[in-house]
Amino acid sequence: QLPGWSVRPDGSIVVATGNDDALGLYRCTPYNSYGTAGQSRPTRVLLKDPPAFTVRPKEEYFQEVGRELVIPCAAHGDPPPTITWVKVGSVGKSSAQVDGNSSLVLHPLIKEQHGVWECTATNQVASVTTATSVHVLGTSPHAVTNVSVLPLLLAANISWEPGFDGGYFQRFSVWYTPLARYPPRAHHDWVSLSVPPGAQHLLVENLQPDTSYQFSVLAQNKLGSGPFSQIVTSVPRGFPVTTVPPEPPAMTVHVFLSPPRALTANETVRGVLLRWAPPARASVALGGYALELRQDKGGWEVLERSIPGTDTQVLVPGLIKDAFYEFRLVAFAGSYISDPSNTVNVSTAGMEVYPSRTQLPELLPQPVLAGVIGGICFLSVAVIFSTMAACIMNRRRAARVRKRRQDPPLVFSP
C-alpha cells in the first residue's frame, strides 16, 4: 500500500493523489471465512489532464457597431478540450461564430451582442470557464435596470441603475400614469419628467392618494432613445382619514410623532390667524405641517401641505362671507404622519369677505379709506366745475366790454 492510499469498508480503493504510481491494471478479490469466489475482471487506471487555458480573453473589449471583433480563447488538456462560446443571459442561439483557433468572431458587430460572453473548455475530466465584457459603441442607450419605487406622502421616489450609454452622454426621463379605475377605459395618458443630468433618481410629487401608478424610465442619447425599462406599480401614501391610531404590531419599533397641540384661531383684518404648539413627542426630526380645512361640514381638504416645521402660526386669507369653516393640523417627519390636532371652528356670518391678498394699506380701515377716497373725488369734481364757471363768466364780461367800445356815443341836442 502506497502513502495516501486507503480502502473503504465497502471495498473501494481511494487514491488521494493521482500520479504515475496509480497507473496499471487492478483486480478486486472478495473473501470471507469460507474463502473466495475468485477475482473480478481487470480494470485499467489512466491519468487524464483537465482543461487549462493557454490564451484567455481580456476583461473588456470596445468596438464600433458594424465592425468586426475577434476575441481569442484557447486551452489544452488530455484529451484535448472543446471550446464553446455563449452570451450570458441570451435566449436561443446567437449569431456569433467560432474560427479554427476557437476565437469568437463577431462580424458585423450589432447592439444585441453587447454584454458578457463566456468561453468554456470541456473534456472528459472537467470544464473550466472564463468571461469577458463586450461594449458596442455608436448605438442608442440600453435599458436601465433595477427600477425601484419608494412610496412617500402624495409622492414617490424612483431610482434605477443606468444601462450602457452606447458611447455617448445619456439622459433620462421618468414616465408615469395612474391606473384606470374602470377597466373599459382603453388607455391612459403618460406624463414624462426630465431627470437632472447625472442623477439616477427623481422625486415625483403631487400624486393622488390611494391611487395606483405605473412608472417607467427611458434613456436617450444623441442617436436616439433606448427601450423603456420594466414597468413598476406603486401606490403613494395619503393623509390619515381617522384619528384612531392603528394597533401596533407586537415586537416592532415604534415611531412616536404626536399631533400638534393647542390649535387656536383669531380673526384679524387680513384673515384668520392660526396658532399652535409643536408636538409633545417626536422620536424623529420634525419635517413640517400640513393644514386641512372643510367648509359647512363638507369633506376635509388640504389647504397647505408645506408649512415649515419651525413655524407655529399661519395666516389664512380668502374666506367667504356667511360660511362655517373647520381647521386642523397634522405634523409629518419624512414618511411618518401624525394624527390630526384639535379642530377649531371659524364662522364668517355677518362679516366682510377677507381679501385673498393684502392690496390696501393696513393703517386705515376699509370704511375710513373709502370715505377719504370719496371726499377726494368730490373735491376734484367741485374744483373742475368752479374752474369751468369762472372761465364762462370771464368770457361774457370780455364780450360786453368789446361791444361797449364799438357802439357810438349818444349825442343829446338842445
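See the structure printed just above.
Residues numbered from 1 in each chain as written. Predicted model: local features only at pLDDT ≥ 70, side-chain atom pairs only at ≥ 80, totals over all residues. Heavy atoms only, no water.

(A) Quick look at the overall build of the protein chain. The helix and strand inventory of the protein chain stands at one helix and 31 strands. Looking at the protein chain residue by residue over its 414 residues, the buried ones come to 28%. Within the protein chain, contacts between residues at least 6 apart in sequence are counted, and of these 60% link residues at least 24 apart. Surface summary for the protein chain: the accessible area is close to 27,400 Å², and the carbon and sulfur share equals 56%. (Helix = DSSP H or I, 4+ residues; strand = E, 2+ residues; numbered from the N terminus. Buried < 20%, exposed > 50% of the residue type's maximum accessible area, 1.4 Å probe, protein only. Contact = heavy atoms within 4.5 Å. Areas by Shrake-Rupley, 256 points an atom, 1.4 Å probe, with all protein chains shown as cover.)

(B) Spatial organisation of the packing of aromatic side chains. Using the criterion set out here, one finds eight aromatic pairs in the structure. Measuring from ring centre to ring centre gives 6.2 Å for tyrosine 176 and tyrosine 213, while their planes differ by 50°; the resulting arrangement is tilted. With tyrosine 176 in strand β18 (residues 171-178) and tyrosine 213 in strand β21 (residues 213-221), this pair connects stretches of sequence that are 37 residues apart. Assigned by exposure class, tyrosine 176 and tyrosine 213 land together as buried. (Phe/Tyr/Trp six-rings, centres within 6.5 Å; stacked < 30°, edge-to-face > 60°.)

(C) View of the side chain of histidine 114. By secondary structure assignment, the location of histidine 114 is in the loop between β13 (104-106) and β14 (115-122). At 3.4 Å, the side chain of histidine 114 forms a polar contact with the backbone nitrogen of valine 136. With near-sequence residues (within four places) excluded, histidine 114 lies in contact with Lys87, Val134, His135, Val136, His142 and Phe164. (Polar contact = N/O pair within 3.5 Å; in protein donor to acceptor, adjacent residues only side chain to side chain.)

(D) The sheet that holds β14, seen in detail. The four strands are arranged β8-β15-β14-β11 in an open sheet whose pairing can be described as mixed. The strands lining the two open edges of the sheet, one partner per strand, are β8 (60-64) and β11 (82-87). Taking each pair of neighbouring strands and ignoring which way they run, the sheet shows an average axis angle of 25°. (Pairing = 2+ DSSP bridges. Axes fitted to C-alpha atoms, helices over the stretch in contact; angles between N-to-C directions.)

(E) Geometry of the nonpolar core. The biggest cluster of nonpolar side chains holds 19 residues, and the ones touching the most others in it are Ile158, Trp160, Val174, Phe215 and Val217. Counting only elements with at least two residues in this core, the list comes to β16 (145-152), β17 (155-161), β18, β20 (201-204) and β21. At four residues, the largest contribution of residues to this core is made by β21. The residues contacting phenylalanine 215, other than those within four sequence positions of it, are Val149, Ala156, Ile158, Trp175, Tyr176, Leu207, Gln230, Ile231, Val232 and Ser234. Residues Leu274, Tyr289, Val314 and Ala323 belong to the second largest nonpolar core, which totals 18 residues. (Core = buried A, V, L, I, M, F, W, Y, C linked by side-chain atoms within 4.5 Å.)

(F) Summary view of the state of the cysteines. Throughout the structure, instances matching the rule amount to one disulfide. Paired through a disulfide, cysteine 73 and cysteine 119 show a sulfur-sulfur distance of 2.0 Å. On the sign convention where negative means left-handed, the S-S torsion of about -85° between cysteine 73 and cysteine 119 marks this disulfide as left-handed. With cysteine 73 in the loop between β9 (69-71) and β10 (74-78) and cysteine 119 in strand β14, this pair connects stretches of sequence that are 46 residues apart. The class for cysteine 73 is buried, based on a relative accessible area of 1%. Residue cysteine 119 is classed as buried on the basis of its relative accessible area of 0%. (Disulfide = S-S within 2.5 Å.)

(G) View of unusual backbone geometry. With an omega of 0°, the peptide bond running from aspartate 78 to proline 79 counts as cis. Here proline 79 lies in the loop between β10 and β11. Cis geometry is found at the peptide bond from histidine 107 to proline 108, where omega equals -5°. Relative to the elements of secondary structure, proline 108 occurs in the loop between β13 and β14. Despite not being glycine, serine 102 shows a phi value in the positive range, around 70°. Located in the positive-phi region is aspartate 210, a residue other than glycine, with phi close to 55°.

(H) Up close: the pairing of strand β24 (residues 261-267). Note: β24 against strand β25 (residues 272-277), five bridges, orientation antiparallel. Paired with threonine 264 across the strands is arginine 275, a residue of β25. Between β24 and β25, which pair antiparallel one after the other, the connecting turn spans four residues, and glycine 271 there sits at a positive phi close to 155°.

(I) Highlighting the pattern of salt bridges. Considering all chains together, one arrives at three salt bridges under this definition. The partner of lysine 48 in a salt bridge is aspartate 78, with the nearest N and O atoms 4.0 Å apart. With lysine 48 in the loop between β6 (43-45) and β7 (49-55) and aspartate 78 in strand β10, this residue pair connects regions lying 30 residues apart in the sequence. Residue class for lysine 48 comes out partly exposed when judged on its relative accessible area of 40%. Looking at aspartate 78, the relative accessible area reads 31%, which means it is partly exposed. With a closest N to O distance of 2.6 Å, glutamate 292 and arginine 328 form a salt bridge. Of this pair, glutamate 292 sits in strand β26 (residues 288-295) while arginine 328 sits in strand β29 (residues 324-333); the two residues are 36 residues apart in sequence, bridging distant segments of the chain. (Salt bridge = Lys/Arg side-chain N within 4 Å of Asp/Glu carboxyl O.)

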